[in-house]
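One-letter residues, chain by chain:
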Amino acid sequence: MIAFNHPPFVGNELEYVKDAIEQLHISGDGKYTKLCSSWIEKRANVEKCLLTTSCTHALEMTAMLCDINPGDEVIMPSFTFCSTADAFVLRGGKVVFVDIRPDTMNMDETLVESAITEHTKAIIPVHYAGVSCEMDSILQIAKEHNLMVIEDAAQGMLSKYKGKQLGSIGDMGTYSFHETKNYSMGEGGAILLQDKKYIERAEIIREKGTNRSKFFRGEIDKYTWIAAGSSYLPSDMNAAYLYAQLNVADHIFENRMETWNYYYSELKEMANKGQIEIPVIPKECEHNAHIFWIKLRDLEERTKFIQYAKDYGVNVVYHYVPLHSSNAGRKYGKFHLKDTYTTKESERLVRLPLWYGMGKEKEKVIQLIHDFIKKVNLK
Ligand SMILES: *Cc1c(COP(=O)(O)O)cnc(C)c1O
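Residues numbered from 1 in each chain as written. Predicted model: local features only at pLDDT ≥ 70, side-chain atom pairs only at ≥ 80, totals over all residues. Heavy atoms only, no water.

Enquirer: What am I meant to see in the sheet that holds strand 10 (residues 285-286) here?
Expert: Working definition: the strands of a sheet are paired by backbone hydrogen bonds and lie parallel or antiparallel to each other. Spatially, the three strands line up as an open sheet ordered 7-6-10, and their pairing is antiparallel. A strand with exactly one partner marks an edge of an open sheet, and here the two such strands are strand 7 (164-165) and strand 10. (Pairing = 2+ DSSP bridges. Helix = DSSP H or I, 4+ residues; strand = E, 2+ residues; numbered from the N terminus.)

Rendered as structure tokens:
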């Protein structure tokens, strides 16, 4: 069976983790956490990057930093992972879902403005598959209405919009280093910040509500509890695993891109004939080969395809059941205007196997799609 994903492993991770242990500092904010954060700060061109225990937790931090209170509204797509919504719902926020664009599966920027009310606090663009949302339009709307923009760039590390790294464009951004993402530390994430007024508060929230970060930098003599916070620091052993990958980040990027481009060139003809649909990358965007999806005609055809693939020995998976149709989504959110594309397009989409170091398996994946389409057309 060809798996859908293999966690990224470049080979040096064990050496780095061993060194982390030998540093006699396996808790948070040790040597490797610092190396990872400064690597990301330089690469993404942000003032501050703080590693967190997950992207979900990084999003929770953004909700606290924006002072989301019960009754406040946040605007996001329904086609996303539940963590995007969870972070705000935990603070009593109400989620307003807007429809997506069928080409990128990202939030339709032309629908955002009409979703704004006097309760709106923030807009949360999610860069699906590492392909950027239309950020200039979103930033313009946010500016006119005095709203925060928080990028859920969980899938977007090393992707760009108009030359800028995703996660560095809004007021705050988040990354995920879960094992299903391009770069991993098992479970982990990061929050990216530009504005000094949020950086100090973020350090305090992440360190149980204390000013311990300041203390370790020698800026104060002793640390105390000064605000409500939590514990969002990953172990330095996990950071060591991630650092081994950041050291060869471009190599991982190119390796994934090779597979992505192979899929694209092999499937283009079928897409031109209208037999399937393949991703669209707007000209402002440089993506990171996080996901390669195809769209079948409808839910029925997709269901058949997933079963056919299973029998063929290939594991393909769909994405996402729209949040507004889930129990929690109905309770904590509402869909703004009409669901023209979210449900319809999500029901047609399926992701192809794609991981770092993928070999000849990709040829079988293409063969599978050819065989399936041939079979469909014979009927
Ligand atoms: C993976 C993912 C998350 C959650 O990341 P974790 O690190 O697993 O918490 C959030 N949002 C999106 C869009 C994701 O793809």
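Read on for the rest.
Enquirer: Would you mind showing me how to read the environment of Phe81 here?
Expert: With respect to the secondary-structure elements, Phe81 resides in the loop between strand 2 (73-77) and helix 4 (82-89). Relative accessible area serves as the criterion here: at 48%, Phe81 is assigned to the partly exposed category. Between the C-alpha atoms of Phe81 and Val321, which are 240 residues apart in sequence, the distance is 8.8 Å. (Buried < 20%, exposed > 50% of the residue type's maximum accessible area, 1.4 Å probe, protein only.)

Enquirer: Just to check I follow, could you spell out the packing of helix 2 (residues 31-44) against helix 8 (residues 236-246) for this structure?
Expert: Each packed pair of helices is defined by two parameters, the angle between the axes and the distance between the axes. Axis separation between helix 2 and helix 8 bottoms out at 7 Å; the angle between their running directions is 40°. Classified by the angle between their axes, helix 2 and helix 8 sit oblique to one another. Viewed along their axes, helix 2 and helix 8 form a crossing whose handedness is left-handed. Contacts between helix 2 and helix 8 pair Lys31, Tyr32, Thr33, Leu35, Cys36, Trp39 and Ile40 from the former with Asp236, Ala239, Ala240, Leu242, Tyr243 and Leu246 from the latter. The residue makeup of the contact of helix 2 with helix 8, split by class, is 10 nonpolar, one polar and two charged. (Axes fitted to C-alpha atoms, helices over the stretch in contact; angles between N-to-C directions. Parallel < 35°, antiparallel > 145°, perpendicular 65-115°, else oblique. Left-handed = near helix turned anticlockwise from the far one by under 90°. Contact = heavy atoms within 4.5 Å. Nonpolar A, V, L, I, M, F, W, Y, C, P; charged D, E, K, R; others polar.)

Enquirer: I'm lost on the site of the ligand in this one. Help?
Expert: Surveying the vicinity of the ligand reveals 16 residues, the closest of which are Thr56, Asp152, Gln155, Ser176 and Lys181. Cys55 is positioned such that a nitrogen or oxygen atom in its backbone is 2.9 Å from an oxygen atom of the ligand. Residue Gln155 places a side-chain N or O atom 2.8 Å away from an oxygen atom belonging to the ligand. Its free accessible area being 380 Å², the ligand has 92% of it covered by the protein chains. Elements represented by at least two residues in the shell around the ligand include exactly helix 3 (55-65) and helix 4. Residues belonging to the shell around the ligand are distributed by class as follows: five nonpolar, nine polar and two charged. (Near = heavy atom within 4 Å. Polar contact = N/O pair within 3.5 Å; in protein donor to acceptor, adjacent residues only side chain to side chain. Areas by Shrake-Rupley, 256 points an atom, 1.4 Å probe, with all protein chains shown as cover.)

Any link to function would need more than the numbers given here.
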